[in-house]
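Inside the fold
Spelled out from the first residue to the last, the chains are:
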Amino acid sequence: QVKLVESGGGLVQPGGSLRLSCAASGFTFSNYRMSWYRQAPGKERELVAGISGVGRSTNYADSVKGRFTISRDNAKKTVYLQMNSLKPEDTAVYYCNVALTAAWNYWGQGTQVTVSS
């Protein structure tokens, strides 16, 4: 079955960096676009970044452009989110996502990122 496992979250000071990882299994990884979403307390889940199957196309939320970078290693079936210049407003649970079809949408368990001094 499809499984997405995130890791790499934690507590970091403003201006710091974190690298999130999402290990995928159960589907042909290189065939699908992968995305990172986040959900802060009391807010709706929002798209942070996405990357095409072969990694040539990426997109970012305006709020993270220039600070976050999404990448993937298809040999390792892993997608990454490098987060630099972190701000308190980046505090959220970060989720890995793949939509195999319009109806088959999968999420990881999430990893907490807290940006605080």
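Residues numbered from 1 in each chain as written. Predicted model: local features only at pLDDT ≥ 70, side-chain atom pairs only at ≥ 80, totals over all residues. Heavy atoms only, no water.

Take the nonpolar core next. In this structure, Phe 27, Met 34, Trp 36, Val 79, Leu 81, Met 83 and Tyr 94 are the most contacted members of the largest nonpolar core, which totals 30 residues. Residue assignment for this core shows that the elements contributing at least two residues are strand S3 (18-25), strand S4 (34-39), strand S5 (46-51), strand S7 (68-73), strand S8 (78-83), strand S9 (92-99) and strand S11 (111-115). (Core = buried A, V, L, I, M, F, W, Y, C linked by side-chain atoms within 4.5 Å. Buried < 20%, exposed > 50% of the residue type's maximum accessible area, 1.4 Å probe, protein only. Helix = DSSP H or I, 4+ residues; strand = E, 2+ residues; numbered from the N terminus.)

This part is about the side chain of Ser 35. On the secondary structure map, Ser 35 appears in strand S4. Judged by relative accessible area, which is 10%, Ser 35 ranks as buried. Apart from the residues lying within four places of it in its own chain, the contact partners of Ser 35 are Leu 47, Ala 49, Gly 50, Tyr 95, Cys 96 and Asn 97. (Contact = heavy atoms within 4.5 Å.)

Let us now look at the packing of aromatic side chains. Counted by the stated rule, this structure contains 4 aromatic pairs. Taking 6.2 Å as the distance between ring centres and 50° as the angle between the ring planes, the aromatic pair formed by Phe 27 and Phe 29 counts as tilted. For the pair shown, Phe 27 and Phe 29 are each scored as buried. Considering the side-chain rings of Tyr 37 and Trp 107, the 4.9 Å spacing of their centres and the 70° angle between planes classify their relative orientation as edge-to-face. In this pair, Tyr 37 sits in strand S4 while Trp 107 sits in strand S10 (residues 105-107), placing the two residues 70 residues apart along the sequence. Looking at Tyr 37, the relative accessible area reads 22%, which means it is partly exposed. Linked through ring pairs, Phe 27, Phe 29 and Tyr 32 together constitute an aromatic cluster. (Phe/Tyr/Trp six-rings, centres within 6.5 Å; stacked < 30°, edge-to-face > 60°.)

Below, the discussion takes up the sheet that holds strand S1 (residues 3-7). Taken in spatial order, the 4 strands of this open sheet run S1-S3-S8-S7, and their pairing is antiparallel. Strand pairing shows two members of the sheet lacking a second neighbour, S1 and S7, which therefore form its edges. Taken pair by pair, the neighbouring strands of this sheet meet at an average axis angle of 15°, ignoring direction. Here S3 pairs with S8 via 6 bridges, running antiparallel. Bridge pairing in S8 links Ser 21 to Tyr 80. (Pairing = 2+ DSSP bridges. Axes fitted to C-alpha atoms, helices over the stretch in contact; angles between N-to-C directions.)

This part takes up the side chain of Asn 97. Inspection of the secondary structure assignment puts Asn 97 in strand S9. Looking at Asn 97, its side chain comes within polar contact range of the side chain of Asn 105, at 2.8 Å. Ignoring anything within four residues of it in the chain, the contact list for Asn 97 reads Leu 4, Arg 33, Met 34, Ser 35, Tyr 37, Asn 105, Tyr 106 and Trp 107. (Polar contact = N/O pair within 3.5 Å; in protein donor to acceptor, adjacent residues only side chain to side chain.)

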